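Spelled out, the chains give:
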Amino acid sequence: MPMTSTAAQLHPAPAFAQPIPFIDLAAQKARLGPKVDQAVQAVLDSCRFVNGPEVTKFEAELAAFAGAKYAVSCSSGTDALAMLLMAWGIGAGDAVFCPAFTFCATAEVVPWVGATPVFVDVKADTFNMDPASLEQAIAVAKEKGLTPKVVIPVDLFGQPADYDAILPIAARHGLKVLCDTAQGFGGTWNNKRTGSIGDATATSFFPAKPLGCYGDGGAILTDDADLVAVLKSVREHGQGVDKYENVRIGMTARLDTIQAAVLLEKLAIFEDEIAAREKVARRYNEALADIATVPFVDPRASSVWAQYTLRFAPGVRDALAKALQAEGIPTAVYYRIAMHRQPAYAQYPAAADSLPVAEGLCAEVISLPMHAYLDEATQDKIIAAVRRAVGK
Ligand SMILES: *Cc1c(COP(=O)(O)O)cnc(C)c1O
């Protein structure tokens, strides 16, 4: 996912073309109308910028939406992941299994707590964690004298991971399952929403995510009441009876009241937006299936289409990105470098020396503009440009 501000800023269209945004936050803002402004103004008037009533209300609505008992809001998706590792006491000598094809934050939090990320290959069809590679990674971790503790399946590009396969492996090896649904919040696996699967789920409200706020934000979802109590302490400097009694090492990781107010308005239209994204994805699929490998969604899953990602033969991908850019059509490559090949992460173990699927995808994937407000005319323009660029 984009790491700075909005995708529109990351992918500026040439000045001569009518700019097509990669993700159209302005269209969403226009649809929400004065509601968001009023919600933000109400917080400004109340001056309850931290821990205001909107935060509690949003947590309740978010948990209900996901089908989880509890939601603990926080400052970002990355902090949500870190808070869980801290709350579970993960540390030196512990192995945490992460897919090699993901945004860096999934693995970044592991060395924060002194534990070791162990990289797992992904499946060629869904791009999500490969259960067979997870088994290999667990064996590698044990050989290295590490204690397998947590697996972090990622719901990449909006599609839930294969929880039918991953949950039994985790149970067999005594691993906690921390679902990273930063891209997949709102998606389902066997008709259960992400956030209600595994031991706990971390999500992000970065503006470009399917459910985004107007800055940074995140949340943890779980059914575990004891865990919630620890998370709330971690979120507030390891507080005991109050912030001035410190019973553990924590952090300052609250969600701003203003962001909660924004999210309450956005959550109200989220289901409708998911349906609109699904429609866009289906049209892309129909129009492009004969010239590219279009996304595969497992029949047990539904995706929220955080990204609409095509695969082309290596070499074709970069030429296509260039051709589309010349026509004012932004594209993005998530991800160009697999995690186990990143300079900062190459030192950590992986299921094998080479993770061929993740490495291959890095050369083949390209994401097209995708959002709930992509009208058919714009979509047709994008489709025609893709076909022209590959000579079909
Ligand atoms: C965006 C993202 C995160 C981090 O979320 P932030 O809110 O940006 O910290 C974590 N994991 C994945 C898979 C992501 O896409």
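Quick summary incoming for the structure in this document. (Residues numbered from 1 in each chain as written. Predicted model: local features only at pLDDT ≥ 70, side-chain atom pairs only at ≥ 80, totals over all residues. Heavy atoms only, no water.)

Within the protein chain, the secondary structure is distributed over 14 helices and 12 strands. Taking 2.2 N^0.38 as the reference for a compact globule, 392 residues should give roughly 21 Å; the C-alpha atoms of the protein chain span a radius of gyration of 21 Å, in line with that estimate. With the C-alpha coordinates aligned to their principal axes, the bounding extent of the protein chain is approximately 65 × 60 × 35 Å. Within the protein chain, the proportion of its 392 residues that are buried is 57%. (Helix = DSSP H or I, 4+ residues; strand = E, 2+ residues; numbered from the N terminus. Rg over C-alpha atoms; globule rule 2.2 N^0.38 Å. Buried < 20%, exposed > 50% of the residue type's maximum accessible area, 1.4 Å probe, protein only.)

Side-chain pairs of opposite charge can arise where the charged atoms are in close proximity. All chains considered together, the criterion is met by 21 salt bridges. For Arg317, the salt bridge goes to Asp318, with nearest N and O atoms at 2.8 Å. Asp318 gets classed as partly exposed once you look at its relative accessible area, which sits at 36%. Note that Glu327 and Arg388 form a salt bridge whose closest N and O atoms lie 2.7 Å from each other. You can see Glu327 sitting in the loop between helix H12 (316–326) and helix H13 (356–364) and its partner Arg388 sitting in helix H14 (residues 376–389), a full 61 residues away along the chain. Given the relative accessible area of 33%, Glu327 is considered partly exposed. Residues participating in the shared-partner salt-bridge network are Lys123, Asp162, Asp164, Asp298 and Arg300. (Salt bridge = Lys/Arg side-chain N within 4 Å of Asp/Glu carboxyl O.)

By the criterion of burial, strand E2 (residues 94–99) is predominantly enclosed, with six of the six residues buried. Side chains Asp94, Val96 and Cys98 project from E2 onto one buried face, and the interleaved Ala95, Phe97 and Pro99 project onto a second face that is buried too. By the bridge criterion, four bridges tie E2 to strand E4 (residues 147–151) in an arrangement that is parallel. By the bridge assignment, Val96 is partnered in E4 with Val150. Both E2 and strand E3 (residues 116–120) contribute to a ladder of five bridges, which runs parallel. Its bridge partner lying in E3, Val96 is registered against Pro117. At this point the chain moves from E2, through helix H6 (residues 105–112), to the parallel E3, and the crossover so formed is right-handed. (Pairing = 2+ DSSP bridges. Right-handed = clockwise from strand over helix to strand, strands pointing away.)

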